[in-house]
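Given next are the chains, with one letter for each unit.
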Amino acid sequence: MSTGERRVCLITGAGGTLGNVFCRSYYTEYDIVAVCRTQTPAVPSQLEWFVDPLEPKKAVPENDSRVFVIRADLTAPGEVERVVDLALAKFGKVDLLVNNAAHVQLQPRGIVDGDAAMEQFDPHFSLNVGVPLRLSARLAQRFWLHAGAENRAANRNIVNVSSISGSEVYPGQTLYSASKAALNQLTRNIADEFGEFGVRANAIAPTTFPALVSTEQVAQAIVELDAADFTGGVFGVGVEPSPADGGRHAQVAEAEK
């Protein structure tokens, strides 16, 4: 079950750039279900923990807040359901769902250069759109749907990690941009539907991190949205008004698949 009064956060892509920073920054504040396919976040978990080399048997305070790691290929049949069931079995609730896992494969020569773009359509939309849809729906069906008063009292919500690419045009990013635009619209529709049982949904749309905005700032934006009362919004992170000549940047940061 959950540790004390801490909120339970289920985050996908937990071993990637943003997921790792989020877990390292907030694992003592949230009970975290860290979903990853390959890399695990660099924090104590049931798989690994800190040891004092001088006193190996001595308790290390950081180990009191171990994250719960689940390895999963979320695009495989049944894996979304398994993750939701394990999270609820472990903590008894989920207060914050962060859909962070993403597929990024650019086409620098455009979508008409061979078949690369066609071959990349399913990977982009399966992970960037389909997985957030299924995770949100399954979590609602298994836990949130008939708990409206409890959801509102706990301020439960979803934060989808989108990109500035979802609203701007950048060479070579057609499929990635289209998938993030679809994620933005999915977020707005989930917010409208889930509002009936008291669950909010928003998206963050960062510019390039950590090159143009720190990954820590992007992680902080997730926490700020969790504490707020907004719903149905897509919020830029590190995005400043740009001149018409296109002084713009797109998010192509490493993501955990």
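Reading the values: rules and limits
Residues numbered from 1 in each chain as written. Predicted model: local features only at pLDDT ≥ 70, side-chain atom pairs only at ≥ 80, totals over all residues. Heavy atoms only, no water. Helix = DSSP H or I, 4+ residues; strand = E, 2+ residues; numbered from the N terminus. Buried < 20%, exposed > 50% of the residue type's maximum accessible area, 1.4 Å probe, protein only. Contact = heavy atoms within 4.5 Å. Areas by Shrake-Rupley, 256 points an atom, 1.4 Å probe, with all protein chains shown as cover. Pairing = 2+ DSSP bridges. Expected span 1.5 Å × (residues − 1). Core = buried A, V, L, I, M, F, W, Y, C linked by side-chain atoms within 4.5 Å. Salt bridge = Lys/Arg side-chain N within 4 Å of Asp/Glu carboxyl O. pLDDT = per-residue confidence, 0-100. Axes fitted to C-alpha atoms, helices over the stretch in contact; angles between N-to-C directions.

J.: Is there a simple way to think about the overall build of the protein in this case?
T.: Counting its regular elements, the protein contains six helices and seven strands. Each helix (α) and strand (β) of the protein, taken in turn from the N terminus, gives the series β-α-β-β-α-β-α-α-β-α-β-α-β. Counting across all 257 residues of the protein, residues that qualify as buried make up 52%. Here the analysis covers contacts within the protein between residues at least 6 apart in sequence; of these, 70% occur between residues at least 24 apart. Summed over its atoms, the accessible surface of the protein is roughly 12000 Å², and 53% of this surface lies on carbon and sulfur atoms.

J.: I'm lost on the pairing of strand β7 (residues 234-237) in this one. Help?
T.: Strand direction decides the pairing type here: strand β6 (residues 200-206) and β7, joined by four bridges, are parallel. The residue of β7 that forms the bridge with I204 is F235.

J.: Please clarify how helix α5 (residues 174-194) should be interpreted in this entry.
T.: Since one α-helical turn is 3.6 residues long, residues separated by three or four positions face the same way. With 21 residues, α5 ought to run about 30 Å at 1.5 Å a step, and its terminal C-alpha atoms sit 30 Å apart, in line with that. Listed as buried for α5 are L175, Y176, S177, S179, K180, L183, N184, L186, T187, I190, A191 and F194.

J.: Which parts of the structure should I look at to understand the nonpolar core?
T.: Most often, soluble globular proteins keep nonpolar side chains buried together rather than apart. Among the nonpolar cores identified, the biggest contains 34 residues, and V33 and W144 are the most heavily contacted of them. Put simply, the parts of the chain that give this core at least two residues each are β1 (7-12), β2 (30-36), β3 (68-71), α2 (79-91), α3 (116-144) and α5. No other element matches the eight residues that α3 contributes to this core. In this structure, C9, A34, V69 and I222 belong to the second largest nonpolar core, which totals 30 residues.

J.: Could you clarify how one ought to interpret unusual backbone geometry in this entry?
T.: Most peptide bonds are trans, and most residues other than glycine sit at a negative phi. In the segment running from F209 into P210, the intervening peptide bond is cis, with an omega of 5°. Turning to its location among the elements, P210 is positioned in the loop between β6 and α6 (215-227). You will see that N155, though not glycine, has its phi angle at about 55°, which is positive. Structurally, N155 can be placed in the loop between α4 (148-154) and β5 (157-161). By relative accessible area, N155 is classed as partly exposed at 23%.

J.: Got a minute to help me understand the pairing of strand β4 (residues 96-99) in this structure?
T.: For a regular strand, side chains alternate in direction, first toward one face of the sheet and then toward the other. Here β4 shows a buried face lined by L96 and V98 and a second buried face lined by L97 and N99. Looking at chain direction, β4 and β5 are connected through four bridges and run parallel. In the sheet register, V98 faces β5, and the bridge partner there is V159.

J.: So what exactly am I meant to see when it comes to helix α1 (residues 17-26) here?
T.: For α1, the buried fraction is high: eight of the 10 residues fall into the buried class. Those residues of α1 that sit buried are T17, L18, G19, N20, V21, F22, C23 and Y26. Buried residues along α1 sit against β1, β2, β5 and α6.

J.: I tried to follow the pattern of salt bridges on my own but got confused; where do I start?
T.: Proximity of charged atoms lets side chains of opposite charge pair with each other. Counting across every chain of the model gives 10 salt bridges. D95 is the salt-bridge partner of K93, the closest N and O atoms lying 3.3 Å from each other. The two residues K93 and D95 agree in class, both being buried. Through salt bridges that share partners, K93, D95, E150 and R156 make up one connected network.

J.: How should the confidence of the model for the protein be read in this particular structure?
T.: Low-pLDDT portions of the prediction should not be read for the details of their coordinates. Summarising the model, the protein shows a mean pLDDT of 88, and 84% of its residues fall at 70 or more. Contacts from residues 242-257, a stretch scored under 50 in pLDDT, to residues over four places away or in other chains number 46 contacts.

J.: It is not clear to me how the sheet that holds β1 should be interpreted in this structure. Could you clarify?
T.: Sheet strands pair via backbone hydrogen bonds, and the direction of the pair is either parallel or antiparallel. The strand order across the open sheet built from seven strands is β3-β2-β1-β4-β5-β6-β7, with neighbouring strands paired in parallel fashion. The sheet is open, and its two borders are formed by β3 and β7, each paired with just one other strand. The mean angle between the axes of side-by-side strands here comes to 20°, regardless of whether they run parallel or antiparallel. Strand contacts of α1: β1, β2 and β5, with the helix running at about 160° to β2, the strand carrying the most contacts. The sheet contacts of α6 involve β1, β2, β4, β5, β6 and β7, and relative to β6 the element is tilted by about 160°.

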